[in-house]
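What follows is the residue order along each chain.
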Amino acid sequence: MKETIREFLQPIADIFSGFNTPEIVVHWGHPFFMGIVIFAMGSAVAITGWRSRISEDKEIKQTNKGDHRKIAPFLFLFITLGYSGGVLSLIMQGQPIFESPHFWTGSIVIGLLGLNGLISATGFIGNKESLRTTHAYLGSLALVIMVIHAILGLKLGLSF
């Protein structure tokens, strides 16, 4: 399976390699931009989500709920695109894909955020409080794993 995925993605990586992108950008571009996404957007999504849950002020609650709904889908989009870019970057650098804990934490984050988006898209199945609580804690767990993911990514980047 490992080789099948690499064989499938290699032609795409070759296209990007053909752009003659400087090695430092190939090596550190993904972590730089994903760091911004994780820490800026991830924090904004978490803060607005929790404020909408715990605020006593209805106006603050509604404003944060609306902001959360606007930002969260973009966080998922950028995380997913960044995940793809990170895998292509590994291929471009001739590195293994599946051996890194960084790959697996990224995969877990995509899964958690996808599940959370699905829970939200169902309208919390009749606005069930238990699903809203699950959504809040799954999102928070995803953010914690994103921070671990960033640390593992820095370690990975420094290793080659």
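Residues numbered from 1 in each chain as written. Predicted model: local features only at pLDDT ≥ 70, side-chain atom pairs only at ≥ 80, totals over all residues. Heavy atoms only, no water.

**Some thoughts on the overall build of the chain**
Then step 1. In terms of regular secondary structure, the chain is built from 6 helices and 0 strands.
Then step 2. In the chain, the order of α-helices and β-strands from amino to carboxyl end is α-α-α-α-α-α.
Then step 3. Per-residue burial for the chain yields a buried fraction of 33% across its 160 residues.
Then step 4. Accessible surface, the chain: about 9700 Å² in total, of which carbon and sulfur atoms supply 71%. (Helix = DSSP H or I, 4+ residues; strand = E, 2+ residues; numbered from the N terminus. Buried < 20%, exposed > 50% of the residue type's maximum accessible area, 1.4 Å probe, protein only. Areas by Shrake-Rupley, 256 points an atom, 1.4 Å probe, with all protein chains shown as cover.)

**Quick notes on the side chain of Ser89**
Then step 1. With respect to the helices, strands and loops of the structure, Ser89 is situated in helix α3 (residues 58–92).
Then step 2. Here Gln93 takes part through its side chain, which lies 2.8 Å from a polar atom of the side chain of Ser89. (Polar contact = N/O pair within 3.5 Å; in protein donor to acceptor, adjacent residues only side chain to side chain.)

**Let's talk about the layout of surface pockets**
Then step 1. Within this model, the largest pocket holds a volume of roughly 700 Å³.
Then step 2. Along the walls of the largest pocket sit 29 residues, with Val45, His68, Ala72, Asn116 and His135 positioned nearest its centre.
Then step 3. Those elements giving two or more residues to the lining of the largest pocket turn out to be α2 (23–54), α3, α4 (101–121) and α6 (129–159).
Then step 4. Per element, the largest residue contribution to the lining of the largest pocket is 9 residues, and it comes from α6.
Then step 5. For the lining of the largest pocket, the per-class residue count stands at 13 nonpolar, 10 polar and 6 charged.
Then step 6. What the second largest pocket holds in volume is close to 490 Å³.
Then step 7. What lines the second largest pocket is a set of 28 residues, and nearest its centre among them are His30, Pro31, His102, His149 and Gly153.
Then step 8. Sorting elements by how many residues they give to the lining of the second largest pocket places α2 first, with 8 residues.
Then step 9. Residues belonging to the lining of the second largest pocket are distributed by class as follows: 16 nonpolar, 12 polar and no charged. (1 Å grid on protein atoms, 1.4 Å probe; cavity = no way out; pocket = protein on both sides within 12 Å on 5 of 7 lines; lining within 4 Å. Points joined across faces, edges and corners; volume = space filled by probe spheres on them. Nonpolar A, V, L, I, M, F, W, Y, C, P; charged D, E, K, R; others polar.)

**Topic: the pattern of salt bridges**
Close approach of charged atoms allows side chains with opposite charge to pair.
Then step 1. As enumerated under the stated definition, the model contains 1 salt bridge in all.
Then step 2. In this structure, the salt-bridge partner of Arg53 is Glu129, at a minimum N-O distance of 3.4 Å. Placement of Arg53 in helix α2 and of Glu129 in helix α6 is noted, with a sequence separation of 76 residues between them.
Then step 3. Residue class for Arg53 comes out partly exposed when judged on its relative accessible area of 29%. (Salt bridge = Lys/Arg side-chain N within 4 Å of Asp/Glu carboxyl O.)

**With respect to α4**
Then step 1. If you check α4, its first and last C-alpha atoms are 30 Å apart, about what 21 residues at 1.5 Å a residue would give, namely 30 Å.
Then step 2. Along α4, the residues that are buried comprise His102, Phe103, Thr105, Gly106, Val109, Ile110, Leu112, Leu113, Asn116 and Ile119.
Then step 3. Of the surrounding secondary structure, the elements contacted by the buried residues of α4 are α2, α3, α5 (123–127) and α6. (Expected span 1.5 Å × (residues − 1). Contact = heavy atoms within 4.5 Å.)

**Considering the packing of α3 against α6**
Then step 1. Interhelical geometry of α3 versus α6 gives an angle of 35° and a closest axis separation of 13 Å. In this structure, α3 crosses over α6, and the sense of that crossing is left-handed. Side by side, α3 and α6 meet where Lys65, His68, Leu75, Ile79 and Leu90 of the first sit next to Arg132, His135, Met146 and Leu156 of the second.
Then step 2. Here the contact of α3 with α6 is built from residues that sort into 5 nonpolar, 2 polar and 2 charged. (Axes fitted to C-alpha atoms, helices over the stretch in contact; angles between N-to-C directions. Left-handed = near helix turned anticlockwise from the far one by under 90°.)

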